[in-house]
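The primary structure of each chain is shown beneath.
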Amino acid sequence: MTLVLRPLLALALVASAWPASAQITPDRLQHASEEPQNWLTYSGTYASQRHSLLRQVDTGNVKNLELKWVLPNQAFGAWQATPLVVDGVMYVTQRPNDVLAVDAKTGRVFWQYRYTNSPDARVCCGANNRGLAVLGSTLFMGTLDGHLVAIDAAGGRPLWNVALGDPALGYSITMAPLAVKDKILVGVGGGEYGIRGFVAAFDPASGKELWRFYTIPGPGERGHETWSGDTWKTGGGSVWMTPSYDPELNLTYWGIGNPGPDWNAALRPGDNLYTDSVIALDADTGTLKWHFQFTPNDTYDYDSVQVAVLADIPWRGSQTKALMWANRNGFFYVLNRETGAFLSGAPFVKVNWASGLDAKGRPIKTTQPAGSPTWPGNQGGTNWYSPAFSPRTGLFYLSAWEGYASIFRSEPATYIPGRNFAGGGHTVVTPVPGAPGVRIGRYSPINDWTDVVGHGAVIAIDPQTLQRKWTFPQYDVTDSGILTTATDLLFTGGREGYFYALDARSGEVLWKASLGGQIVNGPISYAIDGKQYVAVISGNSLYAFALRD
Amino acid sequence: MGGDGLSDFSAFSAFIAALLLTATLGAQADHGAQYSQAEIAAGYRVYSATCVQCHGANGDGISGVDLRRGVFRRAASDEDLARVITSGVSGAGMPPFKLEPAELTGVIAFIRAGFDQTVSVRVGDPARGRTLFDGKGACAACHRVQGRGALSAPDLSGVGLVRTVGALQRSLLDPTSAMVPANRPVRAVTNSGDTVEGRRLNEDTYTLQLLDAHGRLRSLAKSDIRTLTYAIASPMPAYGSRLRPDEIADLVGYLASLREP
């Protein structure tokens, strides 16, 4: 008798818990900021402010944060993912393309899904995956071999799987997709392999492709005239960060990566649209509404893959639908997100590849002689690390690299399918020839480049004045994202493995924990049973903190 | 390009390749060749037109091969390199290259110079270099190799893996201009007035790790330090006036052969 009853009871319990916890409707996504106990998209909300409205942890009690649980990763290498939290369940990816469903209160794992990539998969910069989208009761993940996979959020089993591009040609996906209304949006990486980048929308139920927008316009398309000959065919324009979305305007905002080949602009005369640009696409049709190019005819690998931060801010006396962008090229921009019009911009770190921006925001180029240092260096004044905006302080926060320069070189490049299509390279400027320069990521616990080749900082910029409000310097560089809260806290990390809570108004350190491993992702906050958690990944482990009981 | 550096997708295969490599590392060449700047420059032109496609700008584009640092799968001597370049490696995807003799010499010179076009580098006999290291050069008075020698200057047991021959030669001739910032001697005066001098090992925003003058590993909190000074000048003497050019070349050969991982 009991043998029969137990499974039935168990089933009943699951069923009763199921409907409330599983359905993430488009309406819930649109109003994600109204349920701050959850973290429903890569950037928290469609506006990508990474600003949590939770208030339990504040500037007074943040010193009482304590570790609640740790989830160790079984894979080595940089862990760049931002988790989602859906009604008490955390979903997080680990490299190359595993998904874990985790009890966000205890860190215990419900299920693990492992996707096996094609041996043809190739990525420039590590087997990274930055996260998931959720819609209904389904999770969506892009894979290193360029597939989009739908996974049952309760069962952890794949539902469908579609290929976006040929991995043998370098097409890959490392970004977290975004669910918008009845579509899943995602773009492809591969800017070092001479791909022709694109973003596409998919039916969440079937995986059917609904629209596609090429980031490199083909013959007859607007912008094609910014390429010469056949250079557009290998023009790059990769997409490897999650877009933002304005539901009122129904526009999605995408950051587009570098042109190919990376470091030899002479091989592709013209502005090379829409590389190094932000593009505004209609969410229903993928139609281009406007674009703004940050770095025309780029020769520095200044991917514009940063996350667009949307906010309505005062501008010359009236509330303006703004889009704020701290670019890898070292300039901070404020645009009108309805029209793409340039409102203002200024360097936030030392810049010498351009002397400034003209009235339309186009850089006034001051290309340095061959062999001379260019600021900022190849990894940029900032990069893909998520910034934050606090509507309370009105400040824009980002992780910046300061005092960091590269010597760029251009070389011949021949396109060979699937091979690196670089056209040159770069060397970090060091005081001694051959001395270690800051590298892309930490592979050793020892800092052997020192701060003389560049260091990191969290900086707070006032978008009204473009002035720095404060700076929090670090000895090593930082690839950490940023989270702010409604209690004026700012959480961030860095390569040194310190996890910080700063005062968002002053930059003062209020609390820190030495987690040891590099923090190369954005912290998140969520709540369960009335308790606020702050979670961050450091090294190969995910840590969840909350106030002492 | 972004993210975090090359190819850890295949970290395991790289690890296996590294294991296989250790077998060939000991057999560092005694090529004793002198390469001119003109040869190195000619080699750079060949390299950037041809080799770079697969080996990459830094010479480490193929797993298990790091041309700039002299890590090869199938070559030890210059003759081996010439054979691999002209015959190719069937099965590994490397085609044979038909180069003019001057081009072939140049590309080998470029590889041997560690991709450094700014030096004319000469690599001598490692065995004679070892004798100089322990004897006339008195290098072991400050440096340690495989457990022998002092620790007041960096351990050199693996220096051939982390420095090009050009950089090694520069270190001997002009130590100050070649001293990397990570090795700058430090002097810290603590808030309580103690002075700690030593060699910097590691550092972050809040702490500094060093090996002090008494051979102790010390970790200092920067908040406890009143003044912190990094020496820009190297305490090492310049060897150009102490050793003959052929002796410098032999020492370079010895240092390049030190490849303990």
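Structure: above.
Quantities reported herein were computed from a predicted structural model and do not represent experimental measurements.

Quick look at the overall build of chain B
Logical step 1: Regarding its fold elements, chain B presents nine helices and seven strands.
Logical step 2: Taking all 261 residues of chain B together, the buried fraction comes to 37%.
Logical step 3: Considering only contacts within chain B whose residues lie at least 6 apart along the sequence, 65% involve residues at least 24 apart.

Points about the nonpolar core
Logical step 1: Core analysis: the biggest nonpolar cluster contains 204 residues, and A:Tyr91, A:Leu132, A:Val134, A:Ile184 and B:Val252 have the highest contact counts within it.
Logical step 2: Split by domain, this core shows at least three residues from each of two domains, domain 1 (8–112) and domain 2 (126–179 + 236–257) of chain B.
Logical step 3: Setting aside chain neighbours within four positions, we find A:Leu132 in contact with A:Leu84, A:Tyr91, A:Thr93, A:Val99, A:Leu139, A:Phe140, A:Met141 and A:Ala176.
Logical step 4: Counting residues in each nonpolar core, the second largest holds seven residues, with A:Cys124, A:Cys125, A:Ala127 and A:Leu144 among its members.

As for the sheet that holds strand E15 (residues 244–246) of chain A
Residue and element names in this part refer to chain A.
Logical step 1: The strand order across the open sheet formed by four strands is E15-E16-E17-E18, and the pairing between neighbours is antiparallel. Each edge of the sheet is formed by a strand with only one pairing partner; in this case those strands are E15 and strand E18 (288–293). Between one strand and the next, the sheet's axes are offset by a mean angle of 20 degrees, whatever the strand orientation.
Logical step 2: For strand E17 (residues 277–282) and E18, the ladder comprises five bridges, and the chain directions are antiparallel. Paired with Val278 across the two strands is Phe292, which belongs to E18.

Focus on the packing of helix H5 (residues 126–134) of chain B against helix H9 (residues 245–257) of chain B
Residue and element names in this part refer to chain B.
Logical step 1: Direction vectors running N to C along H5 and H9 enclose 100 degrees, while the axes themselves pass 7 Å from each other. When the axis of H5 is compared with that of H9, the two are roughly perpendicular. Across the interface between the two elements, Pro126, Arg128, Gly129, Arg130, Leu132 and Phe133 of H5 pack against Glu247, Asp250, Leu251, Gly253, Tyr254 and Ser257 of H9.
Logical step 2: Here the contact of H5 with H9 is composed, by residue class, of five nonpolar, three polar and four charged.

Notes on the pairing of strand E35 (residues 524–528) of chain A
A regular strand places its side chains on the two faces of the sheet in alternate fashion.
Residues and elements named next belong to chain A.
Logical step 1: Taking burial as the measure, the five residues of E35 include four buried ones, the bulk of the element.
Logical step 2: Judged from the five bridges that link them, E35 and strand E36 (residues 531–538) form a sheet pairing that is antiparallel. Paired with Ser525 across the two strands is Val534, which belongs to E36.
Logical step 3: Between E35 and E36, which pair antiparallel one after the other, the connecting turn spans two residues, and Asp529 there sits at a positive phi close to 50 degrees.

Some remarks on helix H2 (residues 37–55) of chain B
Residues and elements named next belong to chain B.
Logical step 1: With 19 residues, H2 ought to run about 27 Å at 1.5 Å a step, yet its terminal C-alpha atoms sit only 22 Å apart, falling short of that.
Logical step 2: At Ser48, H2 shows its strongest bend, of approximately 50 degrees.
Logical step 3: Considered for burial, the residues of H2 that qualify are Glu39, Ile40, Ala42, Gly43, Tyr44, Val46, Tyr47, Cys51 and Val52.
Logical step 4: Against the buried residues of H2 lie helix H4 (101–112).
Logical step 5: Positive backbone phi, approximately 80 degrees, marks Gly56, located one or two places after H2.

Criteria and cut-off values
- Residues numbered from 1 in each chain as written.
- Chains lettered and ligands numbered in written order.
- Predicted model: local features only at pLDDT ≥ 70, side-chain atom pairs only at ≥ 80, totals over all residues.
- Helix = DSSP H or I, 4+ residues; strand = E, 2+ residues; numbered from the N terminus.
- Buried ≥ 20, exposed ≤ 12 C-beta atoms within 10 Å, placed from the backbone.
- Contact = placed C-beta atoms within 7 Å.
- Core = buried A, V, L, I, M, F, W, Y, C linked by C-beta atoms within 7 Å.
- Domains from an automatic or database assignment.
- Pairing = 2+ DSSP bridges.
- Axes fitted to C-alpha atoms, helices over the stretch in contact; angles between N-to-C directions.
- Parallel < 35°, antiparallel > 145°, perpendicular 65-115°, else oblique.
- Nonpolar A, V, L, I, M, F, W, Y, C, P; charged D, E, K, R; others polar.
- Expected span 1.5 Å × (residues − 1).
- Bend = angle between axes of the 7 residues up to and from the residue.

That's the geometry; what it means functionally is another story.
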